Amino acid sequence: MTICGAVEAEDFYLRAGIGLDRFEDAAFTDEDCSSESPAALYGCGRGGDGANSRRSLGGFGTVAGVEPGVGFTAAPAVRVEAVADYRPRFAFAGRSNFLAPERRQSVSADPSVLTGMAAVHVDLPALGLPRFGPFDPFVGAGIGAARIEIGKTSMTFPKTTTIVPGK
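Residues numbered from 1 in each chain as written. Predicted model: local features only at pLDDT ≥ 70, side-chain atom pairs only at ≥ 80, totals over all residues. Heavy atoms only, no water.

### Side note on the environment of glutamate 31
Residue position: glutamate 31 is located in the loop between strand E3 (26-28) and strand E4 (56-59). What makes glutamate 31 exposed here is its relative accessible area of 88%. Residues glutamate 31 and tyrosine 42, spaced 11 residues apart in sequence, show a C-alpha to C-alpha distance of 9.8 Å. (Helix = DSSP H or I, 4+ residues; strand = E, 2+ residues; numbered from the N terminus. Buried < 20%, exposed > 50% of the residue type's maximum accessible area, 1.4 Å probe, protein only.)

### Overview of the pairing of strand E9 (residues 138-156)
Consecutive residues of a regular strand have side chains that alternate between opposite faces of the sheet. By the bridge criterion, 17 bridges tie strand E8 (residues 106-123) to E9 in an arrangement that is antiparallel. Counted as the bridge partner of serine 112 is glutamate 149 from E9. Two elements, E9 and strand E10 (residues 161-164), share 4 bridges in a ladder whose sense is antiparallel. Within E10, the position partnered with methionine 155 by the bridge is threonine 162. Connecting E9 to the next strand, E10, in antiparallel fashion are 4 residues. (Pairing = 2+ DSSP bridges.)

### Structural notes on the pattern of salt bridges
Side-chain pairs of opposite charge can arise where the charged atoms are in close proximity. A complete count under the given rule lists 9 salt bridges for this structure. We note a salt bridge from glutamate 81 to arginine 15, for which the minimum N-O separation is 2.8 Å. Residue glutamate 81 is located in strand E6 (residues 78-87), and its partner arginine 15 is located in strand E2 (residues 12-22); the two are separated by 66 residues in the primary sequence. You'll find glutamate 81 and arginine 15 in the same group, each marked buried. In this structure, arginine 147 and glutamate 149 form a salt bridge, with 3.5 Å as the shortest nitrogen-oxygen distance. Since its relative accessible area comes to 37%, arginine 147 is described here as partly exposed. On the accessibility criterion, glutamate 149 (28% relative accessible area) is partly exposed. (Salt bridge = Lys/Arg side-chain N within 4 Å of Asp/Glu carboxyl O.)

### A word on the packing of aromatic side chains
Following the criterion strictly, the structure yields 8 aromatic pairs and no others. Between phenylalanine 12 and phenylalanine 72, the aromatic rings sit 5.7 Å apart at their centres with planes inclined by 40°, giving tilted as the arrangement. Here phenylalanine 12 is found in strand E2, whereas its partner phenylalanine 72 is found in strand E5 (residues 62-75), with 60 residues between them in sequence. Under the relative-accessibility criterion, phenylalanine 12 is labelled exposed at 51%. By relative accessible area, which is 33% here, phenylalanine 72 ends up partly exposed. Centre to centre, the rings of phenylalanine 98 and phenylalanine 157 are 5.7 Å apart; their planes meet at 75°, and the pair counts as edge-to-face. Taken together, the positions of phenylalanine 98 in the loop between strand E7 (92-96) and E8 and phenylalanine 157 in the loop between E9 and E10 put the pair 59 residues apart, joining distant regions of the chain. One aromatic cluster in this structure is built from Phe23, Phe28, Phe60, Phe90 and Phe92. (Phe/Tyr/Trp six-rings, centres within 6.5 Å; stacked < 30°, edge-to-face > 60°.)

Structure below.
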């Protein structure tokens, strides 16, 4: 869910949005459990919970984000925008399944997300279609890119803590 606002100056405008994202649970596993370069983090074998692979299960919770953007009116019904989206406080919390399920084996990680998008919007009321109260419907299309990076990951077990550097 994103809430946006805009400030106009001639044909150019600034926009800002804030949002809350609720992510589904996630699982971290090795792509190749026998890899030596880079070394597999989880390795091969069944998990202590009986699962077919060793992994970390958990979630990211609800994450707030900010969305600054700039746009301009290219034609009476056409707007062009560039928007960035940043999720500054983002964390993974879960459990690994190396050991038996009742043993402490918490996992935490610090990911970050930065996205950018260029979009074109066609304002439908400018083409003669009706408005819906205070709302102006529009259609749009865009293309974008995202950088998602996992920072330091910590795995805490009964007698040790494993820290994996990010990236």
